[in-house]
Amino acid sequence: FEEQVARTPDAVAVVFDDEYLTFGELNRRANKLARHLVGLGVGPDVKVSICIDKGLDLPVAVLGTLKAGGAYVPVDPTYPKDRIAYMIGDSNALVVLTNKYLHSTLPFGNVPVVLLDEHWPTIEKLDDENLAVYPDSDNLAYMIYTSGSTGKSKGTMVSHKSIVNAYLAWEKDY
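From a predicted model like this one, the values you see are computed outputs, not experimental measurements. (Residues numbered from 1 in each chain as written. Predicted model: local features only at pLDDT ≥ 70, side-chain atom pairs only at ≥ 80, totals over all residues. Heavy atoms only, no water.)

**Re the overall build of the protein chain**
Okay, so step 1: Helices and strands together make up the secondary structure of the protein chain, namely 7 helices and 8 strands.
Okay, so step 2: Projected onto the principal axes, the alpha-carbon positions of the protein chain cover approximately 45 × 45 × 35 Å.
Okay, so step 3: The long-range share in the protein chain, meaning contacts at least 24 apart out of those at least 6 apart in sequence, stands at 60%.
Okay, so step 4: A total of about 9,700 Å² of accessible surface is found on the protein chain, and carbon and sulfur atoms cover 54% of it.
Okay, so step 5: Of the side chains in the protein chain, 16 bear a positive and 23 a negative charge, and the two mean positions are spaced by 5 Å. (Helix = DSSP H or I, 4+ residues; strand = E, 2+ residues; numbered from the N terminus. Contact = heavy atoms within 4.5 Å. Areas by Shrake-Rupley, 256 points an atom, 1.4 Å probe, with all protein chains shown as cover. Lys, Arg positive; Asp, Glu negative; His and termini not counted. Charge placed at Lys NZ, Arg CZ, Asp CG, Glu CD.)

Structure (structure tokens):
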């Protein structure tokens, strides 16, 4: 990603409705959030639950978590409250990334919460340079929960190596 930023910093990276972020903007925001997360203790194999609506905050949260060396746990805010509480507790997430209006209505338990909208003025002040955090290929990239068709949903942990292997297989086959 950082190589792409260096090649095309002003190219559009993500679009949501009528808003967009360039590669440079996305990288700078993700670097600031990553620094904040590192300050909270996020590093390799440390899980960060991301419970936000679709929008520009979502790729910033995912990339910021990965740049901190952490593993993200996507939690859809439209899930039933008991499922959200279960996923956050079961994943053993160190922190939850969300927005103020969701925080007041969803069950995050005792897990510390970063409100991306409310806390952004503080996060914005952090350095926006790339971090020198490089997880090992065996470290977790993300943890995703099954649909729960057999009862309780189960968290599946996916390493960086698994993502690379899947990508290489897609390249070969498609």
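**What to know about the pairing of strand E2 (residues 19-22)**
Note on strand geometry: in a regular strand, side chains alternate between the two faces of the sheet.
Okay, so step 1: Bridge analysis of strand E1 (residues 12-16) against E2 gives 4 bridges, and the strand direction is antiparallel. Following the sheet pairing, Val14 is matched in E2 by Leu21.
Okay, so step 2: From the end of E1 to the start of E2, which pair antiparallel, there are 2 residues, and Asp17 there has a positive phi angle of about 50°. (Pairing = 2+ DSSP bridges.)

**Things to note about the layout of surface pockets**
Okay, so step 1: Estimated volume of the second largest pocket: approximately 250 Å³.
Okay, so step 2: Ile52, Pro74, Val75, Asp76 and Pro77 are the residues nearest the centre of the second largest pocket, which is lined by 16 residues in total.
Okay, so step 3: Secondary structure elements with two or more residues in the lining of the second largest pocket: helix H3 (57-67), strand E4 (71-74) and strand E7 (140-145).
Okay, so step 4: Residue classes in the lining of the second largest pocket are distributed as 12 nonpolar, 1 polar and 3 charged. (1 Å grid on protein atoms, 1.4 Å probe; cavity = no way out; pocket = protein on both sides within 12 Å on 5 of 7 lines; lining within 4 Å. Points joined across faces, edges and corners; volume = space filled by probe spheres on them. Nonpolar A, V, L, I, M, F, W, Y, C, P; charged D, E, K, R; others polar.)

**Looking at the pattern of salt bridges**
Once the charged atoms of two side chains with opposite charge are near each other, the side chains can pair.
Okay, so step 1: Following the criterion strictly, the structure yields 5 salt bridges and no others.
Okay, so step 2: Asp127 serves as the salt-bridge partner of Arg35, at 3.7 Å between the closest nitrogen and oxygen. Highlighted residues: Arg35 in helix H2 (residues 23-40) and Asp127 in the loop between helix H6 (116-123) and E7, separated in sequence by 92 residues. (Salt bridge = Lys/Arg side-chain N within 4 Å of Asp/Glu carboxyl O.)

**What about the side chain of Ser159?**
Okay, so step 1: Here Ser159 shows up in strand E8 (residues 155-159).
Okay, so step 2: In this structure, Ser159 is in contact with Ser137, Asp138, Asn139, Leu140 and Ala141, ignoring residues within four places of it in sequence.

**Description of the nonpolar core**
It is characteristic of soluble globular proteins that their nonpolar side chains tend to be buried jointly.
Okay, so step 1: By size, the foremost hydrophobic cluster in this structure holds 25 residues, and its most contacted members are Leu33, Leu37, Ile50, Ala61, Leu97 and Leu116.
Okay, so step 2: Breaking this core down by element, the ones donating at least two residues are H2, strand E3 (47-50), H3, strand E5 (95-98) and H6.
Okay, so step 3: With residues near it in sequence (within four places) discarded, Leu97 still touches Leu33, Leu37, Val48, Ser49, Ile50, Cys51, Ile52, Ala61, Thr65, Val114 and Leu116.
Okay, so step 4: Counting residues in hydrophobic clusters, the runner-up holds 13 residues, among them Val75, Ile84, Val96 and Leu102. (Core = buried A, V, L, I, M, F, W, Y, C linked by side-chain atoms within 4.5 Å. Buried < 20%, exposed > 50% of the residue type's maximum accessible area, 1.4 Å probe, protein only.)

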